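# Coordinates in review
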Amino acid sequence: MEEKYIYYQESITCLNRALRTICELEAIPPGTQVWAMAYRMTIIEYCKPFKKSRGIITAKLKMLEPQFSSEMKEIHDKLISLRDTVLAHSDLGSIDAKIVY
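Not measured: the values here are computed from a predicted model.

Attention shifts here to the overall build of the chain. A tally of helices and strands in the chain yields three helices and zero strands. Ordered by position in the sequence, the α and β elements of the chain form the string α-α-α. Here the contacts in the chain between residues at least 6 apart in sequence split such that 54% fall between residues at least 24 apart. Summed over its atoms, the accessible surface of the chain is roughly 8000 Å², and 61% of this surface lies on carbon and sulfur atoms.

See the structure below:
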């Protein structure tokens, strides 16, 4: 039970960190490398609670997805997909990579 509580607290911290970062980014003009990296990190922090995490006692911890409207669910799913294919991994299919001669 203690492990689940710690995971829950860490999940809340991640979501709050994502919110604070995106709020700060709204005041900064986009285009710099630092802005782009902070934006990417915001997406990763948002997604962390919704991805499986290995605990010491509990095999897999994961927050349940909130009850979103269909529009918010679509955005949430796109963020999770972006995190899984581009930000946390380097899946070439998601960026439609091709070599042209």
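Right, let's talk about a positive patch on the surface for a bit. A cluster of basic side chains, namely Lys52, Arg54, Lys60 and Lys62, defines a positive patch on the protein surface. Among the structural elements, Lys52 can be located in the loop between helix H2 (33-47) and helix H3 (70-87).

Right, let's get into H3. Counted at 1.5 Å a residue, the expected span for H3 with its 18 residues is 26 Å, and the 24 Å between its end C-alpha atoms agrees. Among all positions in H3, only His76, Ile80, Arg83 and Thr85 are buried. Of the surrounding elements, those touching the buried residues of H3 are H2.

A few words now on the confidence of the model for the chain. In the predicted model, the chain carries a mean pLDDT of 85, and the fraction of residues at 70 or more is 83%. Averaged pLDDT values for the elements of the chain fall to 91 in H3 and rise to 93 in H2.

Definitions and cut-offs
- Residues numbered from 1 in each chain as written.
- Predicted model: local features only at pLDDT ≥ 70, side-chain atom pairs only at ≥ 80, totals over all residues.
- Heavy atoms only, no water.
- Helix = DSSP H or I, 4+ residues; strand = E, 2+ residues; numbered from the N terminus.
- Contact = heavy atoms within 4.5 Å.
- Areas by Shrake-Rupley, 256 points an atom, 1.4 Å probe, with all protein chains shown as cover.
- Patch = residues over 30% accessible without salt bridge, like charges linked within 9 Å, V, L, I, M, F, W, Y side chains within 5 Å.
- Salt bridge = Lys/Arg side-chain N within 4 Å of Asp/Glu carboxyl O.
- Lys, Arg positive; Asp, Glu negative; His and termini not counted.
- Charge placed at Lys NZ, Arg CZ, Asp CG, Glu CD.
- Expected span 1.5 Å × (residues − 1).
- Buried < 20%, exposed > 50% of the residue type's maximum accessible area, 1.4 Å probe, protein only.
- pLDDT = per-residue confidence, 0-100.

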